[in-house]
Amino acid sequence: MRVSESAERLKERIKKAIEDEKITRAEMDAIIHIATEDGHIDAQEQALLNRLQQMIEDKTVKYVL
């Protein structure tokens, strides 16, 4: 299965948050915008969003205001 362009951009944004070990509200907003800009969240995007949410919940990535 081919990875969508938006899923690839989403992956890069999430990768940056993982490397920084934190994510800001602005970064989260940008991630949500990328995921929803085409009006559809595909399976790849959903998997990436789920993984990010899990990492925030287990504090691997800290959500900062």
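About the criteria used
Residues numbered from 1 in each chain as written. Predicted model: local features only at pLDDT ≥ 70, side-chain atom pairs only at ≥ 80, totals over all residues. Heavy atoms only, no water. Salt bridge = Lys/Arg side-chain N within 4 Å of Asp/Glu carboxyl O. Helix = DSSP H or I, 4+ residues; strand = E, 2+ residues; numbered from the N terminus. Buried < 20%, exposed > 50% of the residue type's maximum accessible area, 1.4 Å probe, protein only.

S.K.: For this particular structure, what's the right way to read the pattern of salt bridges?
M.R.: Any two side chains of opposite charge can pair, on the condition that their charged atoms come close. Under the counting rule described, the total for this entry stands at 6 salt bridges. Across the pair E37 and R9 runs a salt bridge whose closest N-O atoms are separated by 2.7 Å. Residue E37 is located in the loop between α2 (25-36) and α3 (43-57), and its partner R9 is located in helix α1 (residues 5-20); the two are separated by 28 residues in the primary sequence. Among the salt bridges present, the one from R25 reaches D29, with a minimum N-O distance of 3.1 Å. A residue pair is termed a helical-turn pair when its members lie 3 or 4 positions apart in one helix, as R25 and D29 do in helix α2 at 4 residues. The class of D29 is partly exposed, set by a relative accessible area of 39%. Each of E5, R9 and E37 takes part in salt bridges that share partners, so that together they form one network.

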